[in-house]
Structure formats: structure tokens, C-alpha cells
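# Survey of secondary and tertiary structure
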Amino acid sequence: MAFTKINIAEQSFNPFEKIGKQWMLISAGNANSWNTMTASWGGVGVIWGKPSATCYIRHSRYTMEFVDSNEYFTLTFLKDGHRDALNLLGTKSGRDMDKMHDSGLTPIFVDGQPTFAEAELVLVCRKRCKSEIAPEDILHQETIDKNYANRDFHAMYIGEIVAAYQG
């Protein structure tokens, strides 16, 4: 699969559709050891004067270990027709199985970062910030009740988009 490097600042897409409905994969690591997970929370914009993306990872997720221990992570948006893979990658743990290969997708590396050949868009992000979402910072109890019944809170990551590729 050949990817074309693009200028993310020149792209136009609906982030509510792309992230919230299409979903994305958060991946981090290297060729020897990496993991990925499905996410439907995040955003894109400008932070600290740089094109940036935010993503949110629960502490229970294996992928958090990889994002924490690496300088870069990728956000991958797959082409249509891969909902089963997204479901598997979002519900199974890489601690228990080789879900990246078992998903039916084709793992590849772009700029040394993990992604998949079936991608329509890959954002390579340099980790700039990690911030814990603490229960005392959530302003409405119904948000906690709906999203954190198990008290498994998220950390927010801000990544500078250092490269973007179109599949």
C-alpha cells in the first residue's frame, strides 16, 4: 500500500464524523513491540501554534503503556468496510492475543510508527502533553455516572501532528 504525504492544514473533514462515527485507531510502539486500540473520543485543531490531535486512553488499556513509553503515536482512520476489525481492536487486549494480526488488517510502519495498510488517513503525532482526567475535575455527576461506572478514568494526550498520510 502506498501512502501519499499530505499537509494536514490543507485538509477538510468533519471530525465529528471521522472520530465519533468512523472511529480511529491509536497505535504506538516500534517494530518489535507495539499495540493499538479503537477510539471514538478525540479532536483535531491547533494547540501551542501547531496542528494537533487529542486522544483519550483509559488506564486499563494496554495501549497506554506504549503511548507513555514512546515519543510518537499514530491516529489511523480506516477505509470503509473494516468495522469488524475496529470492534475487535476495541474490545480485545493485546496482552492476551496478537490482535493487530488477528484483526485481518495489514500492519505496516510509516516514519517508523505503526499503522495499517487499509488506512485512508494516518496522523503521526509527537506526544506533547499527558493530562489525567481526575474525577474532581469533571463538573457534572451524570458524566461520571455514564462514562466511569468502573472508575476507570482517562488520560488525555495532546500530540503535535508532525506528518499526515493519505491512503
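First, a word on what this report is: a plain description of the structure on this page.

Definitions and cut-offs
Residues take numbers from 1 onward in each chain, read along the sequence in its written order. Predicted model: local features are reported for residues with pLDDT of at least 70 only, side-chain atom pairs are reported and counted for 80 or more only, and whole-chain, interface and lining totals are derived from all residues. Based on all heavy atoms of the structure, the side-chain values leave hydrogens and waters out of the count. What counts as a ring pair is set by centres within 6.5 Å for rings of Phe, Tyr and Trp (its six-membered ring), and what kind of pair is set by the plane angle: stacked under 30 degrees, edge-to-face over 60, tilted for all other angles. The helix and strand labels rest on DSSP assignments: H or I over at least four residues marks a helix, E over at least two residues marks a strand, and numbering proceeds from the N terminus. Residue burial is assigned from relative accessible area. The probe radius is 1.4 Å, only protein chains are included, and a residue is buried under 20% of its type maximum, exposed over 50%, and partly exposed in between. For a ring to carry a charge above it, either NZ of a lysine or CZ of an arginine must fall within 6 Å of the ring centroid while also lying within 35 degrees of the normal to the ring plane. The directions from the helix axis to the C-beta atoms form the arc being described. Any two residues whose heavy atoms approach within 4.5 Å are treated as being in contact. Polar contacts here mean pairs of N or O atoms no more than 3.5 Å apart (in protein, one a potential hydrogen donor and the other a potential acceptor; neighbouring residues in sequence count only if both atoms are side-chain atoms).

## Some words on the packing of aromatic side chains
- Going through the model one piece at a time under the given rule, you end up with four aromatic pairs.
- Between the aromatic rings of Trp34 and Phe109, the centroid separation amounts to 5.8 Å while the plane-to-plane angle is 75°, which identifies the pairing as edge-to-face. Highlighted residues: Trp34 in strand β3 (residues 33-39) and Phe109 in strand β7 (residues 107-110), separated in sequence by 75 residues.
- A relative accessible area of 34% means that Phe109 is categorised as partly exposed.
- Centre to centre, the rings of Tyr148 and Phe153 are 4.5 Å apart; their planes meet at 25°, and the pair counts as stacked. Each member of the pair, Tyr148 as well as Phe153, is classed as buried.
- Here the aromatic cluster, defined as three or more aromatic residues joined through ring pairs, consists of Trp34, Phe109 and Phe116.
- Across the ring face of Phe13, the terminal group of Lys18 is positioned such that the distance to the ring centre comes to 5.9 Å.
- If you follow Arg83 out to its NZ or CZ, it ends over the ring of Trp23, 3.7 Å from the centre.

## Here's the deal with helix α1 (residues 15-22)
- Here α1 has its buried residues at Lys18, Ile19 and Gln22. The buried residues of α1 occupy one face: seen down the axis, they fall within an arc of 115°. The exposed set on the far side of α1, more than 90 degrees from its buried face, consists of Phe16 and Lys21.
- In this fold, the buried residues of α1 make contact with β2 (24-30), β3, β4 (42-47), β6 (72-78), α3 (83-91) and β9 (119-132).
- One side-chain oxygen of the residue at the start of α1 lies 2.8 Å from the amide nitrogen of Phe16, identifying that residue as Asn14.

So, to be careful, I would describe these as geometric facts and stop short of saying anything about function.
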